Amino acid sequence: MQERALTAQPTKHYRTLFLSDIHLGTKACQAEALLDFLRQFEADTIYLVGDVVDFWRIKRSPHWPQAHNDVIQKLLRKVRKGSRLIFIPGNHDEALRPYCGQQFGGVEFKLNDIYETADGRRFLIMHGDEFDVVIRYVKWLALLGDWAYVTALGLNTAFNKVRRTFGLSYWSLSGYLKHKVKKAVNYIGDFESALIGEARRHNADGVICGHIHHPAMRQFEDILYVNTGDWVESGTAVGETWDGKLEMIRWMDVSGEQSQAAEQQDITKAA
């Protein structure tokens, strides 16, 4: 399979970038890391695949520092420079769904999309909450789950502050729990299966989605399942190269390696 994970020496300019689950308006949003990412990468087309602004959290306890404004301004600046920006709202920014089919300030709003890569493959682009049974039918439980998730992210932040004190790299505690808790593993599996089925119904070669904050790129028989991850835990995005290959960009790994290289260079100069 030609898709690969990118962890070092990233390509500067992609044909298309896919990002989701930024959750601007929350304390967990890694806006500064995303700004660094957006400064590093350019693309002719950028897809925002849902949950860019967290209206759920803003209604209860808004958190909007300057870095969150800067992220929006950086994206709009890319539009002014010629990038195409497509916004597919998710469940946390579902208030924007009535505007799908319209364009504002150069930003196109769509419920979902079919995207063709440079090598001719067709991908269904959607957030994915449409296939989350809890979100669709038991919203109060979804809100409770959101509260529990935010609590876990708070623990995650404290945990990584301790790791930094000891010179250790970023590690997602909540991501680790997703892999270990049986119900979470089953939920992810069911979600993936549902999205794969939807891609088949659209006669697509694959699906690119978000929602579950679980970056992945896996081939399931005739369908390539791609989840862009998020910018509250993993700091990941997906890029399409000019020949149509898809790459998982793990920015925390890339930026960490770059920082280590810079520190090593400083040490060498000092010596």
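For clarity, every value in this text was computed on a predicted model and none was experimentally measured. (Residues numbered from 1 in each chain as written. Predicted model: local features only at pLDDT ≥ 70, side-chain atom pairs only at ≥ 80, totals over all residues. Heavy atoms only, no water.)

Colleague: Explain the sheet that holds strand S9 (residues 206–209) here, please?
Modeller: Where strands meet in a sheet, backbone hydrogen bonds hold them as pairs that are either parallel or antiparallel. One open sheet accounts for five strands, arranged S7-S8-S9-S11-S10; its pairing is mixed. Strand pairing shows two members of the sheet lacking a second neighbour, strand S7 (113–116) and strand S10 (216–220), which therefore form its edges. The mean inter-strand angle of the sheet, taken between neighbouring strand axes irrespective of direction, is 20 degrees. In terms of strand pairing, S10 meets strand S11 (residues 223–227) through five bridges, oriented antiparallel. What sits directly across from Ala216, in S11, is Asn227. (Pairing = 2+ DSSP bridges. Helix = DSSP H or I, 4+ residues; strand = E, 2+ residues; numbered from the N terminus. Axes fitted to C-alpha atoms, helices over the stretch in contact; angles between N-to-C directions.)

Colleague: Sorry if this is basic, but what is going on with the pattern of salt bridges here?
Modeller: Close approach of charged atoms lets side chains of opposite charge pair. Enumeration according to the criterion identifies twelve salt bridges in this entry. The salt bridge partner of Arg15 is Glu240, with a shortest N-O separation of 2.9 Å. Taken together, the residues span a long stretch of sequence, with Arg15 in strand S2 (residues 13–19) and Glu240 in strand S12 (residues 236–240) at a distance of 225 residues. With a closest N to O distance of 2.8 Å, Glu108 and Arg84 form a salt bridge. Taken as a pair, Glu108 in strand S6 (residues 107–109) and Arg84 in strand S4 (residues 84–87) lie far apart in primary sequence, 24 residues in all. (Salt bridge = Lys/Arg side-chain N within 4 Å of Asp/Glu carboxyl O.)

Colleague: What exactly am I supposed to notice about the packing of aromatic side chains here?
Modeller: Working definition: an aromatic ring pair is given by the centre-to-centre distance plus the angle between the planes. For the structure shown, the criterion picks out twelve aromatic pairs. Taking the centre distance of 5.8 Å and the plane angle of 35 degrees together, the rings of Tyr14 and Phe41 count as tilted. Residue Tyr14 is located in strand S2, and its partner Phe41 is located in the loop between helix H1 (31–40) and strand S3 (42–48); the two are separated by 27 residues in the primary sequence. An identical accessibility class is assigned to Tyr14 and Phe41; each is buried. Ring geometry for Phe104 versus Phe109: centroids 5.9 Å apart, planes at 70 degrees, classification edge-to-face. Classification of Phe104 by relative accessible area gives partly exposed; the value is 40%. (Phe/Tyr/Trp six-rings, centres within 6.5 Å; stacked < 30°, edge-to-face > 60°. Buried < 20%, exposed > 50% of the residue type's maximum accessible area, 1.4 Å probe, protein only.)

Colleague: I'm lost on the packing of H1 against helix H3 (residues 66–80) in this one. Help?
Modeller: A pair of packed helices is characterised by two quantities: the angle between their axes and the separation of those axes. Relative to each other, H1 and H3 sit at 20 degrees, their axes nearing to 9 Å. Judged by the inter-axis angle, H1 sits roughly parallel to H3. Relative to H3, H1 is oriented so that their crossing is left-handed. Residues Ala31, Glu32, Leu34, Leu35, Leu38 and Arg39 of H1 touch H3, and the partners they reach there are Ala67, His68, Asp70, Val71, Lys74, Leu75 and Lys78. Of the residues belonging to the contact of H1 with H3, the class tally is seven nonpolar, one polar and five charged. (Parallel < 35°, antiparallel > 145°, perpendicular 65-115°, else oblique. Left-handed = near helix turned anticlockwise from the far one by under 90°. Contact = heavy atoms within 4.5 Å. Nonpolar A, V, L, I, M, F, W, Y, C, P; charged D, E, K, R; others polar.)

Colleague: I tried to follow the confidence of the model for the protein on my own but got confused; where do I start?
Modeller: Low pLDDT marks regions whose predicted coordinates should not be analysed in detail. In the predicted model, the protein carries a mean pLDDT of 81, and the fraction of residues at 70 or more is 69%. Per-residue pLDDT stays below 50 along residues 134–145; that stretch engages in 16 contacts with residues further than four places along the chain or on separate chains. The low-confidence segment residues 258–271 (pLDDT under 50) makes three contacts with residues lying over four places distant or belonging to another chain. (pLDDT = per-residue confidence, 0-100.)

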